[in-house]
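Coordinate inspection notes
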Amino acid sequence: RQGRGPRGQPALIRQHELHCAVDREELAAWLRLTLSEGVGNDSARRLLAAFGLPQAIFSQTLQALEQVVSPQKAADLTVEPEGLHALVETTWAWLQGVDESGRRRIVTLGDPAYPTALLATDDPPLMLYMMGQELTPDALARCVAIVGSRNPTPQGEANAQQFAKALAGAGLTVVSGMALGVDGAAHRGALEGAAPGQLATIAAVG
């Protein structure tokens with residue numbers, strides 16, 4: 001369904017009948033959309049709002065695509081991007097893996113599992129690559145971000161770790177960027193302070 005997103009732009013509204021996990025064909029279409037020359041997130045969201053899932057975008061005529069994006073972008077969408085096949089193979093192999101962090105998965109824009117707060121931002125990513133515990137609505141509703149310098153003072157790093165430990169101990173999930181310095185200290189502190197089974201920390205990597 002089409003709605004209005006930030007700044008009045010068309011936005012894809014999630015539908016609960018959409019798959020929670022992509023199959024190989026759908027994965028290939030999402031990756032093709034992200035690789036298509038000149039098609040950024042804004043154009044991709046308008047295409048998704050107009051046509052639905054990416055497979056439907058690539059089945060459109062050039063004339064239909066030109067109703068949503070510029071003629072040049074429409075033409076680019078009709079050409080398979082270089083390196084697509086290799087990326088699909090690599091990504092599919094990654095999805096089959098399970099390690100100590102848990103199951104690997106991809107959540108796409110419009111998937112019911114896509115974090116609601118992220119969906120409401122001006123430029124949400126089309127795809128999220130996730131590893132570890134499921135991000136439940138309850139856990140996402142009780143998050144706090146701790147971020148800071150990659151080169152903090154020893155006291156600053158210790159403070160970040162202690163704050164995170166206390167916040168996790170109070171039942172909150174600490175979110176940071178998994179970088180050196182304050183971010184890493186925040187993740188360590190959250191893991192120290194969390195109760196067994198609690199989603200202690202989320203690392204959001206750009």
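Residues numbered from 1 in each chain as written. Predicted model: local features only at pLDDT ≥ 70, side-chain atom pairs only at ≥ 80, totals over all residues. Heavy atoms only, no water.

Quick notes on the overall build of the protein
Regarding its fold elements, the protein presents 10 helices and eight strands. The buried share among the 206 residues of the protein stands at 39%. In the protein, 65% of the contacts between residues at least 6 apart in sequence involve partners at least 24 apart. Entry remark: accessible area of the protein is about 11200 Å², with carbon and sulfur atoms responsible for 56%. (Helix = DSSP H or I, 4+ residues; strand = E, 2+ residues; numbered from the N terminus. Buried < 20%, exposed > 50% of the residue type's maximum accessible area, 1.4 Å probe, protein only. Contact = heavy atoms within 4.5 Å. Areas by Shrake-Rupley, 256 points an atom, 1.4 Å probe, with all protein chains shown as cover.)

With respect to the nonpolar core
Residues Leu 33, Leu 47 and Leu 126 are the most contacted members of the largest nonpolar core, which totals 26 residues. Breaking this core down by element, the ones donating at least two residues are helix H1 (24-35), helix H2 (41-51), helix H5 (71-77), helix H6 (84-95), strand E4 (102-108) and strand E5 (127-131). With four residues, the single largest contributor to this core is H1. Ignoring any residue separated from it by four or fewer positions in sequence, one finds Leu 126 in contact with Trp 30, Leu 33, Thr 34, Asn 41, Ala 44, Arg 45, Leu 48, Val 107, Thr 108 and Leu 109. (Core = buried A, V, L, I, M, F, W, Y, C linked by side-chain atoms within 4.5 Å.)

Topic: the packing of H1 against H6
Packing of H1 against H6 brings their axes to within 10 Å, and their N-to-C directions diverge by 130°. Between H1 and H6, the angle is such that the two are oblique. In this structure, H1 crosses over H6, and the sense of that crossing is right-handed. On H6, the residues that touch Arg 24, Leu 27, Ala 28, Leu 31, Arg 32 and Leu 35 of H1 are Leu 84, Leu 87, Val 88, Glu 89, Thr 91, Trp 92 and Leu 95. Taken together, the residues of the contact of H1 with H6 sort by class into nine nonpolar, one polar and three charged. (Axes fitted to C-alpha atoms, helices over the stretch in contact; angles between N-to-C directions. Parallel < 35°, antiparallel > 145°, perpendicular 65-115°, else oblique. Left-handed = near helix turned anticlockwise from the far one by under 90°. Nonpolar A, V, L, I, M, F, W, Y, C, P; charged D, E, K, R; others polar.)

So, the environment of Val 39
Within the fold, Val 39 resides in the loop between H1 and H2. For Val 39, a relative accessible area of 9% translates into the label buried. In this structure the C-alpha to C-alpha distance between Val 39 and Leu 77, which are 38 residues apart in sequence, comes to 8.1 Å. Setting aside residues up to four positions removed in sequence, Val 39 forms contacts with Leu 33, Ala 44, Leu 47, Lys 73 and Leu 77.

Section: the sheet that holds strand E6 (residues 143-145)
Taken in spatial order, the three strands line up as E6-E7-E8 in an open sheet, and their pairing is parallel. Looking along the sheet, the strands with just one partner apiece sit at the ends: E6 and strand E8 (201-203). Looking at each pair of strands side by side, their axes are set apart by 25° on average, direction ignored. Inspection of the sheet shows strand E7 (residues 173-176) paired to E8 by three bridges, in the parallel sense. From the neighbouring strand, Val 174 faces E8, where its bridge partner is Thr 201. (Pairing = 2+ DSSP bridges.)

Overview of the side chain of Gln 161
Relative to the assigned elements, Gln 161 resides in helix H9 (residues 154-169). Polar contacts involving the side chain of Gln 161 include one to the side chain of Glu 192, which spans 2.8 Å. Excluding residues within four positions of it along the chain, Gln 161 makes contact with Ala 185, Arg 188, Gly 189 and Glu 192. (Polar contact = N/O pair within 3.5 Å; in protein donor to acceptor, adjacent residues only side chain to side chain.)

Things to note about the environment of Leu 35
Along the chain, the position of Leu 35 falls in helix H1. A relative accessible area of 34% means that Leu 35 is categorised as partly exposed. Remark: the alpha-carbon pair of Leu 35 and Glu 82, spanning 47 residues in sequence, is separated by 8.4 Å.

With respect to the pairing of E4
By the criterion of burial, E4 is predominantly enclosed, with six of the seven residues buried. Pairing of E4 with E5, which is carried by five bridges, proceeds in the antiparallel orientation. Each bridged residue has a counterpart across the sheet, and for Ile 106 the counterpart in E5 is Tyr 129.

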